[in-house]
Amino acid sequence: MTIALIPGSFDPFHNGHLEVVERATRLFDSVVVAALRNPQKSQPLFDLEERQEMMAEAMAHLPTVTIVSVSTLLVEVAREVGATAIVKGLRVVTDFENELQMAQMNRSLSGVETLFIPTSAGHSFIASRLLREVARYGGDVSAFVPPAVDRRLRQKFAGGS
Ligand code: PNS
């Protein structure tokens, strides 16, 4: 049984993430999507519980996917779920520098391999950071996120902030 572990901040989960998860379900028997804290990033917009709820709704059509949200080391999650490999999406070249270092660190810590899936060109500019910014100022991000996420973003910024 092959198990992919797809980690990320997912703050919020968007259509580029969804594409990577959907493609991984065709390559692995099961897929665990893990919302984690990224200590490099400041105060998150959504707490881990909110992120997990939105992701569960956005991936309800994918029966081999399970979702977890944890505040721990990624390699610990990989060990607990018995991951065959960590899977990450790559949008642009700058992603690669960062991802390469994390992949090497995680492999040094635990031996787990990281595999990369390049996102389609149509998703290469979608980033959670930009979505938070656009939504905060009342912009329409519905083309870039699942409906469950769009709804939560609208609620979060209702009345302006
Ligand atoms: O979506 P992101 O912010 O690029 O995801 C980064 C994430 C959450 C996968 C990374 O920060 C992470 O693995 N956090 C858990 C803590 C950890 O294991 N850190 C060491 C990474 S080498």
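Structure first, text after, so check above.
Described below are features of the structure shown in this document. All of these numbers come straight from a predicted model, not from anything done at the bench.

Turning our attention to the site of the ligand. What surrounds the ligand is a group of 14 residues, the closest being S9, R37, N38, K41 and L74. Between R37 and the ligand, the recorded distance is 3.2 Å, taken from a backbone N or O atom to a nitrogen atom. In the model, an oxygen atom of the ligand is placed 2.9 Å from a nitrogen or oxygen of the N38 side chain. Its free accessible area being 540 Å², the ligand has 83% of it covered by the protein chains. Put simply, the parts of the chain that give the shell around the ligand at least two residues each are β1 (3–8) and α4 (93–110). When residues in the shell around the ligand are grouped by element, the largest group, 3 residues, is from α4. A breakdown of the residues in the shell around the ligand according to their chemical character gives 6 nonpolar, 5 polar and 3 charged.

Take the sheet that holds strand β4 (residues 85–90) next. Reading across from one edge, β3-β2-β1-β4-β5 is the order of the 5 strands in this open sheet, with parallel pairing throughout. One side of each edge strand has no neighbouring strand; the edge strands of this open sheet are β3 (65–70) and β5 (113–118). The mean inter-strand angle of the sheet, taken between neighbouring strand axes irrespective of direction, is 30 degrees. Examined bridge by bridge, β4 and β5 share 6 bridges and lie parallel to one another. Residue L90 lies in a different strand from β5, and its bridge partner there is P118. Packing of helix α3 (residues 74–81) onto the sheet brings it into contact with β1, β2 (30–36), β3 and β4, and relative to β1 it is tilted by some 155 degrees.

Rules used throughout
- Residues numbered from 1 in each chain as written.
- Predicted model: local features only at pLDDT ≥ 70, side-chain atom pairs only at ≥ 80, totals over all residues.
- Heavy atoms only, no water.
- Near = heavy atom within 4 Å.
- Polar contact = N/O pair within 3.5 Å; in protein donor to acceptor, adjacent residues only side chain to side chain.
- Areas by Shrake-Rupley, 256 points an atom, 1.4 Å probe, with all protein chains shown as cover.
- Helix = DSSP H or I, 4+ residues; strand = E, 2+ residues; numbered from the N terminus.
- Nonpolar A, V, L, I, M, F, W, Y, C, P; charged D, E, K, R; others polar.
- Pairing = 2+ DSSP bridges.
- Axes fitted to C-alpha atoms, helices over the stretch in contact; angles between N-to-C directions.
- Contact = heavy atoms within 4.5 Å.

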